[in-house]
Amino acid sequence: MKKQFLLLASTLFLLSLSLFLETKVQAQEYDEVSYDDLINQISKKRSRVSESTNPSILDDITLHAGFGLLTSAMEVNEINRHTQLQLNGFQLSFGIDLFSPNWVAEGAIRNFGTGSAGTQNYSFRELDMKVLYRAPLQSSDLGLRLGAGLATQYLSMTDVGTYIDESAPASILFGGIEGKVNRNFAIGAEIGYRSSLLNSAANRDSLDLTLRLDSFF
C-alpha cells in the first residue's frame, strides 16, 4: 500500500512539474508591454481610424473649365473723338471652388482678335480675375451667377492721325444664368460691364454678352 502511495505521489509530482514548465515556456513567448507603449499603440490606431472616417476638405473642391463666345460694345476715347467698336471673340476660363460649391475664383483669357472699321484697325484682348457666387434656384436645374473682379485690357488701334497701344486695368461687374446639362456640364449666358480704372486710358467702358459652356471635375 505504501509503495502504491509513493508511486501515485511521484506521478502527480512529475505531472505538476511538466505543467509548470509548459506554462512558463508559453509565458516567455509573449513580449511584455509597458503602460506607455500600450497607450501609444491605442493612440496610433485611433488616429488611423479618424483619418479614414474624416476625409479632407480638399476632396470636395471642384475644378471648373469653360469656353465662351463673346460680343462686346466698347467705347474708345481717341484724341479728338469718341469711337464705339463692336467686337466679337472667344473666352477660355478656369476656376476653382473657394471651399464651397457656391463660391468660385475664376481666371479667363478673352481674345477679340483684330478687325477694322472704316479707317480704323484694331486688336483687343483681356485677362480677367474674378470671384463669383453661384446660387442654384430651388427645385430647378437653373442657377444665377453674380460676381466682380479685375481685368487687364490690351488695346492696339491705328486711325488717321491716331496710334494707340496700351494696357490698362479695369473693374468688372457681371451677372448671368446657367442651366445644368448633367453633373459635369452647364450652359449659360452672362452680361458684363467693364470700366477703366485709369482716366488716361483710351478704352473707357464696355458692355458684353457671353454665351458659356462650363465643365466641372
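Residues numbered from 1 in each chain as written. Predicted model: local features only at pLDDT ≥ 70, side-chain atom pairs only at ≥ 80, totals over all residues. Heavy atoms only, no water.

Novice: Would you mind going over the overall build of the chain in detail, with residue names and values included?
Specialist: The secondary structure content of the chain amounts to two helices and eight strands. Ordered by position from the N terminus, the helices and strands of the chain form the series α-α-β-β-β-β-β-β-β-β. When the accessible surface of the chain is summed, it comes to about 14600 Å², and 61% of that surface belongs to carbon and sulfur atoms. (Helix = DSSP H or I, 4+ residues; strand = E, 2+ residues; numbered from the N terminus. Areas by Shrake-Rupley, 256 points an atom, 1.4 Å probe, with all protein chains shown as cover.)

Novice: Before we move on, could you go through the layout of surface pockets and cite the residues and values that matter?
Specialist: Its boundaries defined by the atoms lining it, the largest pocket holds a volume of some 390 Å³. Lining the largest pocket are 20 residues, with P101, R134, K180, R183 and F216 sitting closest to its centre. Those elements that provide at least two residues to the lining of the largest pocket are β4 (120-136), β5 (142-159) and β6 (162-182). Split by residue class, the lining of the largest pocket holds eight nonpolar, six polar and six charged. (1 Å grid on protein atoms, 1.4 Å probe; cavity = no way out; pocket = protein on both sides within 12 Å on 5 of 7 lines; lining within 4 Å. Points joined across faces, edges and corners; volume = space filled by probe spheres on them. Nonpolar A, V, L, I, M, F, W, Y, C, P; charged D, E, K, R; others polar.)

Novice: How would you summarise the side chain of R194 if you had to cite specific residues and measurements?
Specialist: Mapped onto the fold, R194 is located in strand β7 (residues 185-196). Here R194 falls in the buried class, since its relative accessible area comes to 3%. Polar side-chain contacts of R194 include one of 2.5 Å to the side chain of D128. At 2.8 Å, the side chain of R194 forms a polar contact with the side chain of D208. (Buried < 20%, exposed > 50% of the residue type's maximum accessible area, 1.4 Å probe, protein only. Polar contact = N/O pair within 3.5 Å; in protein donor to acceptor, adjacent residues only side chain to side chain.)

Novice: Before we move on, can you summarise unusual backbone geometry with the specific residues and values?
Specialist: Located in the positive-phi region is F99, a residue other than glycine, with phi close to 60°. For F99, a relative accessible area of 58% translates into the label exposed.

Novice: Explain the sheet that holds β4 residue by residue, including any values.
Specialist: Strand order in the closed barrel made by the eight strands is β1-β2-β3-β4-β5-β6-β7-β8, with antiparallel pairing throughout. Averaged over all adjacent pairs, the angle separating strand axes in this sheet is 20°, with direction ignored. (Pairing = 2+ DSSP bridges. Axes fitted to C-alpha atoms, helices over the stretch in contact; angles between N-to-C directions.)

Novice: So, the pattern of salt bridges: which residues are in play, and what are the values?
Specialist: Note that side chains of opposite charge can pair when their charged atoms are close. Enumeration over the complete set of coordinates arrives at 14 salt bridges. Between R110 and D128 there is a salt bridge, with the nearest N and O atoms lying 3.7 Å from each other. One end of the pair, R110, is in strand β3 (residues 103-117); the other, D128, is in strand β4, and 18 residues separate them in sequence. The class for R110 is buried, based on a relative accessible area of 2%. The partner of E190 in a salt bridge is R145, and the shortest N-O contact between them spans 3.2 Å. With E190 in strand β7 and R145 in strand β5, the pair connects residues that are 45 residues apart, well separated along the chain. (Salt bridge = Lys/Arg side-chain N within 4 Å of Asp/Glu carboxyl O.)

Novice: Tell me about the environment of N203, and name the residues and values.
Specialist: Of note, N203 is situated in strand β8 (residues 203-216). Note: C-alpha distance between N203 and E166 (37 residues apart in sequence) is 9.0 Å.

Novice: Summarise the side chain of E106; cite the residues concerned and give the values.
Specialist: Tracing the backbone through its elements, the reader meets E106 in strand β3. Among the polar contacts listed, one links the side chain of E106 to the side chain of R212, at a separation of 2.9 Å. With residues up to four places along the chain from it excluded, the contact list for E106 reads S93, F94, G95, D128, M129, K130, L132, R145 and R212. (Contact = heavy atoms within 4.5 Å.)

Novice: Let's hear about the packing of aromatic side chains: which residues, and what values?
Specialist: With the rule as written, the count across this model stands at three aromatic pairs. Look at F67 and F90: their rings are 6.4 Å apart centre to centre, the planes differ by 20°, and that puts the pair in the stacked class. Of this pair, F67 sits in strand β1 (residues 63-77) while F90 sits in strand β2 (residues 82-97), and the two are 23 residues apart along the sequence. Using a relative accessible area of 37% as the deciding quantity, one classes F67 as partly exposed. Judged by relative accessible area, F90 falls into the partly exposed class, the value being 35%. Judged by centre distance (4.9 Å) and plane angle (50°), the rings of W103 and Y133 are tilted. Highlighted residues: W103 in strand β3 and Y133 in strand β4, separated in sequence by 30 residues. Judged by its relative accessible area of 41%, W103 is partly exposed. Owing to a relative accessible area of 31%, Y133 belongs among the partly exposed residues under this scheme. Sitting over the ring of Y154, R125 keeps its end group 4.8 Å from the ring centre. The cationic tip of K130 hangs over the ring face of F174; the distance from NZ or CZ to the ring centre is 5.1 Å. (Phe/Tyr/Trp six-rings, centres within 6.5 Å; stacked < 30°, edge-to-face > 60°. Lys NZ or Arg CZ within 6 Å of the ring centre and 35° of its normal.)

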